[in-house]
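Here are the chains, one letter per residue:
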Amino acid sequence: MSAKIIDGVAISKEIREGIKKEVQELKEKHGITPGLVTILVGENPASVSYVTAKQKTAHELGFYSIQENLPESVPEDELLKMIEKYNNDPKIHGILVQLPLPKHIDENKVIYAIDPRKDVDGFHPVNVGKMVIGLPCFLPCTPYGILVLLDKSGAKVDGAEVVVIGRSNIVGKPVAILLFQKRKPVGNATVTICHTATKDMAFHTKRADILIVAAGKPKVVTADMVKPGVVVIDVGVNRIGTTPEGKAKLCGDVDFDSVKEVASAITPVPGGVGPMTITMLMKNTLESAKMWAGLPSEVG
Ligand code: GUN
């Protein structure tokens, strides 16, 4: 048996078309254009490529968007001042500082400096707190994208055994919290989180009806570690070389070729979770613009 491929590109396309229409309506009926600023510090190739893709999508959907590039050596207070400027800019509804940041900059201080009402990444403690207690807020984009992928793929999440590999603030921790909550249409699962101190990873992964892998290491999940029929969401983006055309060669945290023969559904890398992260960033920015305009919005 070969698994159904959960196509993040196709699902993203459908959602982006809806966002584009709403953006046009917002402009025509209310004179509002959703505004997003993405701030990149340094030239980490993965970060450059993510930010470029975010800007390209924002442009395609009709957003007002600004890209700020700061040198690797930028002092922390200069970055904080830039955030403050955009906190006070009424044309901007979403501020994203691409992570990771250079070591001399305190990531938490930067996240804290962003107005929680413009925190379209959902990383500010105010939004994290709201998410944990189930209040409307900006959901972090990758977990949000995973919820949509599970929903659109028809996976049965209610009552399922979900195993998450990875406990980062960006993916593992929030996706686990969202999936055990009594929320619709995706939630109410029994969730286990595995991490670097987990004694027997395969013991847990073999029990999973849904396996979410955000380990940050290539191909750590192999066919012998999963139950037949499992739904696999692979969050990994590992650069394992360069194509003859000079593009980065990518693979996930899951050994796709072997696991797809055992799973019932699986996300590919690239083309699974990646495009969804960007799509949900656009969704959050659109909802933010509506909230700032006093219109009904999903973020409060
Ligand atoms: N680095 C890796 N993923 C993300 C993300 O979703 N947002 C930001 N700001 N940085 C990231």
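In the block above lies the structure referred to throughout.
A brief report on the enclosed structure follows. (Residues numbered from 1 in each chain as written. Predicted model: local features only at pLDDT ≥ 70, side-chain atom pairs only at ≥ 80, totals over all residues. Heavy atoms only, no water.)

Residues spaced three or four apart along an α-helix point in a common direction, a consequence of the helix completing one turn every 3.6 residues. Between its terminal C-alpha atoms helix α3 (residues 76-87) stretches 17 Å, which fits the 16 Å expected from twelve residues at 1.5 Å a residue. All of the buried residues along α3 are E76, L79, M82, I83, Y86 and N87. Looking straight down α3, one finds that the buried residues subtend no more than 145° of arc, so they occupy a single side. For α3, the elements touching its buried residues are β2 (35-41), β3 (64-70), β4 (94-97) and α4 (107-113). (Helix = DSSP H or I, 4+ residues; strand = E, 2+ residues; numbered from the N terminus. Expected span 1.5 Å × (residues − 1). Buried < 20%, exposed > 50% of the residue type's maximum accessible area, 1.4 Å probe, protein only. Arc of directions from axis to C-beta. Contact = heavy atoms within 4.5 Å.)

This part covers the packing of helix α1 (residues 8-30) against helix α10 (residues 273-292). Put simply, α1 and α10 touch, their axes get as near as 9 Å, and they point 20° apart. Taken together, the axes of α1 and α10 lie roughly parallel to each other. Our pair here, α1 against α10, has a crossing hand that is left-handed. Of α10, the residues touching α1 (which contributes G8, V9, I11, S12, I15, R16, I19, E22, V23 and L26) are P275, M276, I278, T279, M282, K283, L286, A289 and K290. Across the contact of α1 with α10, the residue classes tally to twelve nonpolar, three polar and four charged. (Axes fitted to C-alpha atoms, helices over the stretch in contact; angles between N-to-C directions. Parallel < 35°, antiparallel > 145°, perpendicular 65-115°, else oblique. Left-handed = near helix turned anticlockwise from the far one by under 90°. Nonpolar A, V, L, I, M, F, W, Y, C, P; charged D, E, K, R; others polar.)

So, about a nonpolar patch on the surface. Taken together, the side chains of V128, V132, I133 and L135 present a nonpolar region at the surface, about 340 Å² in accessible area. For V132, the position within the fold is in helix α5 (residues 125-133). (Patch = residues over 30% accessible without salt bridge, like charges linked within 9 Å, V, L, I, M, F, W, Y side chains within 5 Å. Areas by Shrake-Rupley, 256 points an atom, 1.4 Å probe, with all protein chains shown as cover. Salt bridge = Lys/Arg side-chain N within 4 Å of Asp/Glu carboxyl O.)

We now examine the site of the ligand. In the region of the ligand, the neighbouring residues are L96, V97, Q98, L99, D121 and F123. Separating a nitrogen atom of the ligand from a side-chain N or O atom of Q98 is a distance of 3.3 Å. At 2.9 Å, a backbone N or O of L99 approaches a nitrogen atom of the ligand. Against a free-state accessible area of 280 Å², the protein chains account for coverage of 85% of the ligand. Within the shell around the ligand, the residues separate by chemical class into four nonpolar, one polar and one charged. (Near = heavy atom within 4 Å. Polar contact = N/O pair within 3.5 Å; in protein donor to acceptor, adjacent residues only side chain to side chain.)

Any link to function would need more than the numbers given here.
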